[in-house]
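Listed below, chain by chain, are the residues.
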Amino acid sequence: MYDAWETLENNCLACQKCPLWETRTNVVFGEGNINSKVMFVGEGPGEQEDLQGKPFVGRSGKLLDKMLEEIGLSRKKNIYIANIVKCRPPKNRDPLPEEQRQCMDWLRSQFVLINPKIIVTLGRIAATSMIKPDLKITKEHGSIYKKKDIFMVPTFHPAALLRDPSKMILAKQDFIKLKNLIDHNNAI
Ligand code: URA
């Protein structure tokens, strides 16, 4: 386990634990305030994220930033954003279970150092990997789970909201629930 964020990040940036390192442009370690009490976890970098080395900077990232702003959150100030896998899967395919498993140590170390009170998972891959393997986003989005004193809230992936804007109203309700959870737990 790591006790220094910089060492963790530098080691992650040099990772060759799974074959995704061969096709990546950049490792997307994460972005935000490491003193935050709230972490968001996505699936893995897409094309723009791979090129820029930052999470959620493409179209879905713009939507995510807007939804965050509506409830007073911002990656510059009071949240940290990371992904299940730190390197882009070719052609944006789902990360393979083995790739997720290999990469999970980095995310676990990020959790240990940040020590969040609340983790929000974005989309199916993050929810099934972090909360429970059979979680169904369509049914269980916005539910509040608790694991080892950490609240976990699954919601839609912003890319899913861009594909199907009718889900937006449900996602906004999840974000309001999240805001209430943050306020009740002084997690800001
Ligand atoms: N989708 C994700 O899940 N993560 C990103 O960083 C970008 C798009």
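Residues numbered from 1 in each chain as written. Predicted model: local features only at pLDDT ≥ 70, side-chain atom pairs only at ≥ 80, totals over all residues. Heavy atoms only, no water.

So what's going on with the site of the ligand? Which residues, and what values?
Around the ligand sit G42, E43, G44, E49, P55, F56, N83 and H157, and those are all the residues in its vicinity. Interatomic distance of 3.0 Å between a backbone N/O atom of G44 and a nitrogen atom of the ligand. N83 is positioned such that a nitrogen or oxygen atom in its side chain is 2.8 Å from a nitrogen atom of the ligand. For the ligand, whose accessible area on its own is 240 Å², the fraction buried by protein is 93%. Counting atoms within 2 Å of the grid points, the majority share of the ligand lands in the largest pocket. When the residues that make up the shell around the ligand are grouped by side-chain class, the tally is 2 nonpolar, 4 polar and 2 charged. (Near = heavy atom within 4 Å. Polar contact = N/O pair within 3.5 Å; in protein donor to acceptor, adjacent residues only side chain to side chain. Areas by Shrake-Rupley, 256 points an atom, 1.4 Å probe, with all protein chains shown as cover. 1 Å grid on protein atoms, 1.4 Å probe; cavity = no way out; pocket = protein on both sides within 12 Å on 5 of 7 lines; lining within 4 Å. Sits in = over half its atoms within 2 Å of the grid points. Nonpolar A, V, L, I, M, F, W, Y, C, P; charged D, E, K, R; others polar.)

Give a detailed account of the nonpolar core, specifying residues and quantitative values.
Judged by nonpolar contacts, the single largest core of 56 residues is most densely connected at F40, L107, I118 and M130. The residues contacting L107, other than those within four sequence positions of it, are M39, V41, A82, N83, I84, K86 and M130. (Core = buried A, V, L, I, M, F, W, Y, C linked by side-chain atoms within 4.5 Å. Buried < 20%, exposed > 50% of the residue type's maximum accessible area, 1.4 Å probe, protein only. Contact = heavy atoms within 4.5 Å.)

I'd like a rundown of the layout of surface pockets, residues and numbers included.
In this structure, the largest pocket occupies an estimated 730 Å³ of space. Along its surface, the largest pocket is lined by 32 residues, and E43, H157, A159, A160 and R163 are the ones closest to its centre. Considering only enclosed or pocket space, the second largest pocket measures out at about 360 Å³ in volume. Around the second largest pocket, the lining comprises 13 residues; the ones closest to its centre are R108, F111, M130, K148 and M152. Only α4 (97-114), α5 (124-130) and β6 (150-155) provide two or more residues apiece to the lining of the second largest pocket. Among the elements that make up the lining of the second largest pocket, the one with the highest residue count is α4 (4 residues). Among the residues forming the lining of the second largest pocket, the class breakdown is 8 nonpolar, 2 polar and 3 charged. (Points joined across faces, edges and corners; volume = space filled by probe spheres on them. Helix = DSSP H or I, 4+ residues; strand = E, 2+ residues; numbered from the N terminus.)

Summarise empty space enclosed by the protein; cite the residues concerned and give the values.
For the structure shown, the criterion picks out 1 cavity of 30 Å³ or more. Its volume calculated, the largest cavity comes out at about 120 Å³. Along the walls of the largest cavity sit 15 residues, with C15, C18, R24, C87 and C103 positioned nearest its centre. Considering only residue class, the lining of the largest cavity consists of 10 nonpolar, 2 polar and 3 charged.

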